[in-house]
Structure formats: structure tokens, C-alpha cells
Amino acid sequence: MPHAIHNTENTTWTQDAPRRTKGTSLPRELQQLTRQLIDQQDLLHLSQLSIILRGYLQKINKTNIPITRIVSLGLGSLLVTKSRPRRLKQLAILLSIRDCLQSGQQDPIEVYAQDPDFTRQDKALLAALDIRILRTPSSSELGEADSVISPYTLVYSPFLTLEAYEQLISRRGMPVRYLIGDDFDALVKKWPNWSAERRQVEGVLRSGLSRYRRKALAGEGFWTEEDETFPMALYVMNRKVPIKAGL
């Protein structure tokens, strides 16, 4: 069952569409954000993207390496007016990932979020959604997330910096097995051939993502041109790559 805001009435879902009640325990600004988030969750639930995402996650649930933890990197502050719709949609996807994975498991899935731009209001809203906050000194560093990620962690990283991606993909001994983030096949085409960014993206593709199987995450009915989003993909590490046991 999707997670509701703390101290609200019960939330119920039908097979066809979600139905939720609005929370009243948060400050007014966060109540408004909550209503906007619920609208984006409804939109995602009815979209083609949701169908594709659920299909991939259901396959992961059937493997012998279940996901017990989700770490979100690069979500950004929800208080920024200009990009708020896109960031609320990114949060809606995070919650949908948790709900889908949780449906196949008994123990609660831990969810963490890390972004240097989180405000006190962001942290209050995320805490109300059972999301724990991690700290990092800058957007180019993995910060506390580095010690939380295990082979049983799915990393969700929309709009993560290339510097942080390099650290994430190059982790030794305890690599990231599941990653949902920017589609690097599309990202490499964004930059001119001569640019430093293009070389950086190509380096990540060669040195790290070559160990992963890529599944494009696209579908109509959710993202709009105004969101200024970027193509996303699911990356799953090839089974031949050994990993150490972890929590």
C-alpha cells in the first residue's frame, strides 16, 4: 500500500486509480506541497511510464537478490518554485518505486534521501513520508550515502552531478547493483564532441556502466516539455560481477 503522510486518515487504493485523503498535521506550505505531490502520484499511476517501471521492478522482486533499501540522490529542494513540478514528479517516482518493491516483501524497505539543497521544510515533508535524511557537503560528493549503499540497495539518482556519478559507479568491493537515473546513452549526445562533459560521460560509460544492463524508462502521460527533464534508465549489474555480502 502506498505510504501516506503521518497522522492522516487512512489511505486506500483501488486497482484502477489511487484515492487518498489530504493530511492536515503539516504546516500550510507543506500541506500545499502534499496536495501537489498527490496529484503527481495520481498522474504517474495512470501513465505508461508507471506500467513500464512496475514491470521492471516486479522482475527484480523475483530475483534472489531482493532490494531492502532505496537511496535517493539529487532530488533537489521541493521549495524551488521554478522546478517544483519536476521535482515533485521525481519524488512521486521514488514513492512508486518503494510501493512496488514493498508489495513483494514483508519487511519494510528503508528509504533515504540526500541532497545538499534540502531545507528544513524539505526534511519535514520527507520525514512525514518515512524517508530518512542523509548529509553531504556538496552535490559532487557521495557524503553519508556512501556508507549506506549495499548490494541490496537501489539507488535513485535523477539529475545527479557527473562527479557524484563517477564516485557511485566506481565503488569497489560493494558496487551499486541497481540504479535508476539518467540515461547515459542519451546524456552522451547532449554535449558536443569536444566538450569536457562529453569526455566525462564517455568515461563513466566505459569504466563503470559497461558492467550494467540498461533498460530505458520512458512512456507517455507523465513528463511534459515544461518539466525540462531528461531521459531515464534502469541499470542492473551483470550477474558475472561478484559482490560482497552486505546489509
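Here, the structure is the one placed above.
Computed from a predicted structure; not experimentally measured.

> I'd like a rundown of the overall build of the protein chain, residues and numbers included.
Along the backbone of the protein chain there are eight helices and nine strands. Considering only intrachain contacts with a sequence separation of at least 6, the fraction spanning at least 24 residues in the protein chain is 70%.

> Before we move on, can you summarise the packing of aromatic side chains with the specific residues and values?
Tallied over the full model, the rule gives three aromatic pairs. Between the aromatic rings of Tyr212 and Tyr235, the centroid separation amounts to 6.5 Å while the plane-to-plane angle is 90 degrees, which identifies the pairing as edge-to-face. Taken as a pair, Tyr212 in strand 8 (residues 212-217) and Tyr235 in strand 9 (residues 232-237) lie far apart in primary sequence, 23 residues in all. Consider the rings of Phe222 and Trp223, whose centres lie 5.1 Å apart with planes at 65 degrees: the pair is edge-to-face. By relative accessible area, Phe222 is classed as buried at 1%. Across the ring face of Phe159, the terminal group of Arg86 is positioned such that the distance to the ring centre comes to 4.0 Å.

> Describe the pattern of salt bridges, naming the residues involved and giving the relevant values.
Pairs can form between side chains of opposite charge whenever their charged atoms are close. All chains considered together, the criterion is met by seven salt bridges. The residue Arg69 makes a salt bridge to Glu110 at a minimum N-O spacing of 2.8 Å. Of this pair, Arg69 sits in strand 3 (residues 69-73) while Glu110 sits in strand 4 (residues 110-114), and the two are 41 residues apart along the sequence. According to the relative accessible area criterion, Glu110 is partly exposed, its value standing at 25%. As a salt-bridge pair, Arg198 and Glu202 come within 3.1 Å of each other at their nearest N and O atoms. Of this pair, Arg198 and Glu202 both sit in helix 8 (residues 196-207), four residues apart, roughly one helical turn.

> Now, about the side chain of Ser96: what can you tell me, with residues and values included?
By secondary structure assignment, the location of Ser96 is in helix 3 (residues 84-102). In this structure, Ser96 is in contact with Leu44 and Leu53, ignoring residues within four places of it in sequence.

> A description of the sheet that holds strand 6 (residues 153-157) should follow, citing residues and the corresponding values.
Sheet strands pair by backbone hydrogen bonding; their relative direction is either parallel or antiparallel. Spatially, seven strands are ordered 5-4-3-6-7-9-8 in an open sheet, and the strand pairing comes out mixed. Only two strands of the sheet have a single partner each, and these edge strands are strand 5 (132-134) and strand 8. Strand-to-strand twist of the sheet, defined as the mean angle between neighbouring strand axes without regard to direction, takes the value 20 degrees. Summarising the sheet, strand 6 and strand 7 (residues 178-182) pair through four bridges and their orientation is parallel. Residue Ser157 lies in a different strand from strand 7, and its bridge partner there is Gly181. Running over the sheet, helix 3 touches strand 3, strand 4, strand 6 and strand 7 and is turned about 165 degrees from strand 6.

The rules we used
Residues numbered from 1 in each chain as written. Predicted model: local features only at pLDDT ≥ 70, side-chain atom pairs only at ≥ 80, totals over all residues. Heavy atoms only, no water. Helix = DSSP H or I, 4+ residues; strand = E, 2+ residues; numbered from the N terminus. Contact = heavy atoms within 4.5 Å. Phe/Tyr/Trp six-rings, centres within 6.5 Å; stacked < 30°, edge-to-face > 60°. Buried < 20%, exposed > 50% of the residue type's maximum accessible area, 1.4 Å probe, protein only. Lys NZ or Arg CZ within 6 Å of the ring centre and 35° of its normal. Salt bridge = Lys/Arg side-chain N within 4 Å of Asp/Glu carboxyl O. Pairing = 2+ DSSP bridges. Axes fitted to C-alpha atoms, helices over the stretch in contact; angles between N-to-C directions.

Shape descriptors only; they carry no functional weight alone.
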